[in-house]
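What follows is each chain in one-letter form.
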Amino acid sequence: DAGVIQSPRHEVTEMGQEVTLRCKPISGHDYLFWYRQTMMRGLELLIYFNNNVPIDDSGMPEDRFSAKMPNASFSTLKIQPSEPRDSAVYFCASSFREGRDEQYFGPGTRLTVT
Amino acid sequence: SQQGEEDPQALSIQEGENATMNCSYKTSINNLQWYRQNSGRGLVHLILIRSNEREKHSGRLRVTLDTSKKSSSLLITASRAADTASYFCATDQAPAQKLVFGQGTRLTINP
């Protein structure tokens, strides 16, 4: 298996623009997680899905953030409009049967909002 | 809120020495995990220890868990330059199916 795939790897955009981050989890994994990592706040869980259904979005910072999982092999995290404080590395991770067991992380998307 | 807190925040040792990192947490757990993150990369799972286990080994890694003290330690023996990375502990948030990660320990192995 290729592991968790994320795209793009780097994104530079101007404040106010819409940003869409993409993730393909490992085939057969039931859970998908979106995290954000910054120096100041560390690794934060934004939202997670079980069998394509959003379970907990309490970590989503505000209404500008939205996430979808239209099928088992694809998820998006959208920021609209983007702000400089959204600059961070965004990780997608997946796990097999239990969300609290081993998680497999993608390489991340480094987002810079100017 | 942070569940796991690593200590120290940064550690620098000579190649060949042992490295010990600690993690403390606040609430009851089902399992505790350790992950490694190389610069510019995603996190990689190292080891999982369940609440009814006290010690676990994987190659040069040794993890201990003391549920009475709500703490865990990760020992890397005979360190190598390639072990240079950040190490994170993560605890589950039962009954929710999610993990909470600590701030990490940045380990530097000097040749």
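Note: the structure precedes this text.
Small disclaimer: the values here were computed from a predicted structure and weren't measured. Per chain, the residues get numbers from 1 upward, laid out in the order the sequence is written. Starting at A for chains and at 1 for ligands, labels are handed out in the order in which the entities are written. Given that the model is predicted, a residue must reach a pLDDT of at least 70 before its local features are reported, and side-chain atom pairs must reach 80 or more before they are shown or counted; all residues, however, enter totals for whole chains, interfaces and linings. Side-chain measures were taken over the full set of non-hydrogen atoms in the model, leaving aside hydrogen atoms and water.

This part is about the overall build of chain B. By the criteria applied, helices consist of DSSP H or I runs no shorter than four residues and strands consist of E runs no shorter than two, each listed in order from the N terminus. What chain B contains, in helices and strands, is 0 helices and 11 strands. Counting helices and strands in the order they occur from the N terminus, chain B gives β-β-β-β-β-β-β-β-β-β-β. A compact globule built from 111 residues would reach a C-alpha radius of gyration of about 13 Å, and chain B, at 13 Å, matches this within 12%. Dimensions of chain B along its principal axes, counting C-alpha atoms only, are 45 × 30 × 20 Å. Here's how the labels work: a residue is buried when its accessible area is under 20% of the maximum for its type, exposed when over 50%, partly exposed in between, all with a 1.4 Å probe on protein chains only. Here chain B holds 111 residues, and 47% of them are scored as buried. Note on definitions: a residue-residue contact is assigned when non-hydrogen atoms from the two residues lie within 4.5 Å. Counting contacts in chain B only where the partners sit at least 6 residues apart, residues at least 24 apart contribute 55% of the total. Each accessible area is a Shrake-Rupley estimate made with a 1.4 Å probe; only the visible protein chains count as cover when residues are assessed. Accessible surface for chain B amounts to roughly 5300 Å². Of this, 44% is attributable to carbon and sulfur atoms. C-alpha atoms define the radius of gyration, and 2.2 Å times the number of residues to the power 0.38 defines the globule rule.

Between chain A and chain B, the residue contacts involve 23 residues of the former and 23 residues of the latter. Put simply, buried area is how much 1.4 Å-probe accessible surface two parts lose in total, over both of them, once they are put together. Across the chain A to chain B interface the summed buried area is about 1700 Å²; carbon plus sulfur atoms make up 45%. For the chain A face of the interface with chain B, the top three residues by lost area are A:Leu43, A:Arg100 and A:Phe105, together amounting to 35%. For this analysis, a salt bridge means a side-chain nitrogen from Lys or Arg found within 4 Å of a carboxyl oxygen belonging to Asp or Glu. Along the contact surface separating chain A from chain B lie 3 salt bridges. What qualifies as a polar contact is a pair of N or O atoms within 3.5 Å, subject to a donor-acceptor requirement within protein and to the restriction that residues adjacent in sequence count only when both atoms come from side chains. If you look at where chain A meets chain B, you find 11 residue pairs in polar contact (both at pLDDT 80 or more).

Residues and elements named next belong to chain B. Along the polypeptide, Arg80 turns up in the loop between strand S8 (71–76) and strand S9 (85–92). In the structure, Arg80 is positioned 66 residues away from Gln14 in sequence and 8.5 Å away in space, judged by C-alpha atoms. Here Arg80 is in contact with Glu15, Arg60 and Ile109, once residues within four sequence places are set aside.

For the rest of this paragraph, the subject is the state of the cysteines. A pair of sulfur atoms, both from cysteines and within 2.5 Å, is called a disulfide here. Using the criterion set out here, one finds 2 disulfides over all chains in the structure. Disulfide partner of A:Cys23: A:Cys92, at an S-S distance of 1.8 Å. Where A:Cys23 bonds to A:Cys92 through sulfur, the torsion about that S-S bond is close to -65°, and the disulfide is left-handed. With A:Cys23 in strand S3 (residues 19–24) and A:Cys92 in strand S9 (residues 88–95), this pair connects stretches of sequence that are 69 residues apart. Judged by relative accessible area, A:Cys23 falls into the buried class, the value being 1%. A disulfide bridge connects B:Cys23 with B:Cys89, and the sulfur atoms are separated by 2.1 Å.

Turning our attention to the side chain of B:Glu6. Residues and elements named next belong to chain B. Among the secondary structure elements, Glu6 is positioned in strand S1 (residues 5–7). Charge counting follows a simple rule: Lys and Arg are positive, Asp and Glu are negative, and His as well as the terminal groups are ignored. The charged side chain of Glu6 is buried without a salt bridge, its nearest counter-charge being Arg106 at 11 Å. Engagement of the side chain of Glu6 in a polar contact is seen with the backbone nitrogen of Gln103, the distance being 2.9 Å. Ignoring sequence-local partners within four residues, the contact set of Glu6 consists of Asn22, Cys23, Trp34, Tyr87, Phe88, Cys89, Gly102, Gln103, Gly104 and Thr105.

Two strands in a sheet stick together by hydrogen bonds in their backbones, pointing the same way (parallel) or opposite ways (antiparallel). Residue and element names in this part refer to chain B. One bridge is not enough; two strands pair if DSSP finds at least two bridges between them. Overall, antiparallel pairing links the 5 strands, which are arranged S1-S3-S8-S7-S6 in an open sheet. On the outer flanks of this sheet lie S1 and strand S6 (55–58), each paired with one strand and no other. Averaged over all neighbouring strand pairs, the angle between strand axes comes to 20°, with direction disregarded. Here 4 bridges tie S6 to strand S7 (residues 61–66), and the two strands are oriented antiparallel to one another. Directly across from Lys56, in S7, lies its bridge partner Val63. Inter-axis angles, ranging from 0 to 180 degrees, are taken between N-to-C directions of lines fitted to C-alpha atoms, where helices are fitted over the stretch in contact.

A word on the pairing of strand S4 (residues 31–38) of chain A. Residue and element names in this part refer to chain A. Counting buried residues in S4 gives 7 out of 8 residues, a clear majority hidden from the surface. The pairing of S4 with strand S5 (residues 42–50) spans 8 bridges and is antiparallel. Among the inter-strand pairings, Phe33 is bridged to a residue of S5, identified as Tyr48. Counted along the chain from S4 to the antiparallel partner S5, the turn is 3 residues long. Of the strand pairs in this sheet, S4 and S9 are connected by 7 bridges, and their pairing is antiparallel. If you follow Tyr35 over to S9, its bridge partner there is Phe91.

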